[in-house]
Amino acid sequence: YKRQIFSPDERVILSGKGRMEQPIRGEGELYLTNKRIVLIHRTGLIRKRETPLVDIRLDQISYAKVEGLLSKTLVIGVPHGTTVIAYKIKVSNPDSWLAAIYSGRQ
């Protein structure tokens, strides 16, 4: 199933369960590759349908940070016209995701 989602020169750096809280709600498998961040929502028991909820290229990210003390949230800022949209994603160990995003952007 990863064949359609990722290009041949793309490699997955991190993956795990992710829950999007803003700007849309949804959950699925979150992937950080050397090119982008993708949140894939899967539906269906027999025939799995995969819907990318979020697909952000690393070079589109204007900022990334972790918010919260007890319940930490990964926040990714993406410019959209004249504003910046904050994507808020719940993921286990958001600090490691943040570090990987910054190392992947170089």
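Everything here concerns the structure above.
### Description of the environment of E50
Part 1 of the argument: Position of E50 relative to the elements: it lies in strand 4 (residues 49–57).
Part 2 of the argument: Residue classification places E50 among the partly exposed residues on the basis of a relative accessible area of 28%.
Part 3 of the argument: Taking the C-alpha atoms as reference points, E50 and R19, 31 residues apart in sequence, are found 15 Å from one another.

### Here we look at the packing of aromatic side chains
Part 1 of the argument: For the structure shown, the criterion picks out one aromatic pair.
Part 2 of the argument: Measuring from centroid to centroid gives 5.2 Å for F6 and Y31, while their planes differ by 80°, and the two rings are edge-to-face. Here the residue F6 occupies a position in the loop between helix 1 (2–5) and strand 1 (12–22), and Y31 occupies one in strand 2 (residues 26–33), the gap between them amounting to 25 residues.
Part 3 of the argument: Since its relative accessible area comes to 3%, Y31 is described here as buried.

### What to know about the pattern of salt bridges
If the charged atoms of two oppositely charged side chains come close together, the side chains can form a pair.
Part 1 of the argument: Scanning the model with the defined rule gives ten salt bridges in all.
Part 2 of the argument: Across the salt bridge formed by E21 and R19, the nearest N and O atoms sit 3.2 Å from each other.
Part 3 of the argument: Put simply, D55 and R36 hold a salt bridge, and the shortest N to O gap is 2.6 Å. Of this pair, D55 sits in strand 4 while R36 sits in strand 3 (residues 36–43), placing them 19 residues apart in sequence.
Part 4 of the argument: A residue is classified by how much of its surface remains accessible, and D55, at 43% relative accessible area, is partly exposed.

### Quick notes on the environment of K48
Part 1 of the argument: Turning to its location among the elements, K48 is positioned in the loop between strand 3 and strand 4.
Part 2 of the argument: A C-alpha to C-alpha distance of 29 Å links K48 and Q60, two positions twelve residues apart in sequence.

### A word on the side chain of R36
Part 1 of the argument: Classification of R36 by relative accessible area gives buried; the value is 12%.
Part 2 of the argument: Within the local environment of R36, its side chain forms a polar contact with the side chain of E10, the two groups lying 2.6 Å apart.
Part 3 of the argument: A distance of 2.6 Å separates polar atoms of two side chains, one belonging to R36 and the other to D55.
Part 4 of the argument: With near-sequence residues (within four places) excluded, R36 lies in contact with I5, F6, E10, Y31, D55, I56, R57 and L58.

### Comments concerning the nonpolar core
Part 1 of the argument: Core analysis: the largest hydrophobic core is formed by 20 residues, its most contacted members being I37, I61, I76 and I101.
Part 2 of the argument: Listed by contribution, the elements that provide at least two residues to this core are strand 2, strand 3, strand 4, strand 6 (73–80), strand 7 (83–91) and helix 2 (94–104).
Part 3 of the argument: Among the elements that line this core, the one with the most residues is helix 2, at four residues.
Part 4 of the argument: Judged by nonpolar contacts, the second largest core, of five residues, contains I5, F6, Y31 and V38.

### A short note on unusual backbone geometry
Part 1 of the argument: With an omega of 0°, the peptide bond running from Q22 to P23 counts as cis.
Part 2 of the argument: Tracing the sequence through the fold places P23 in the loop between strand 1 and strand 2.

Rules used in this analysis
Residues numbered from 1 in each chain as written. Predicted model: local features only at pLDDT ≥ 70, side-chain atom pairs only at ≥ 80, totals over all residues. Heavy atoms only, no water. Helix = DSSP H or I, 4+ residues; strand = E, 2+ residues; numbered from the N terminus. Buried < 20%, exposed > 50% of the residue type's maximum accessible area, 1.4 Å probe, protein only. Phe/Tyr/Trp six-rings, centres within 6.5 Å; stacked < 30°, edge-to-face > 60°. Salt bridge = Lys/Arg side-chain N within 4 Å of Asp/Glu carboxyl O. Polar contact = N/O pair within 3.5 Å; in protein donor to acceptor, adjacent residues only side chain to side chain. Contact = heavy atoms within 4.5 Å. Core = buried A, V, L, I, M, F, W, Y, C linked by side-chain atoms within 4.5 Å.

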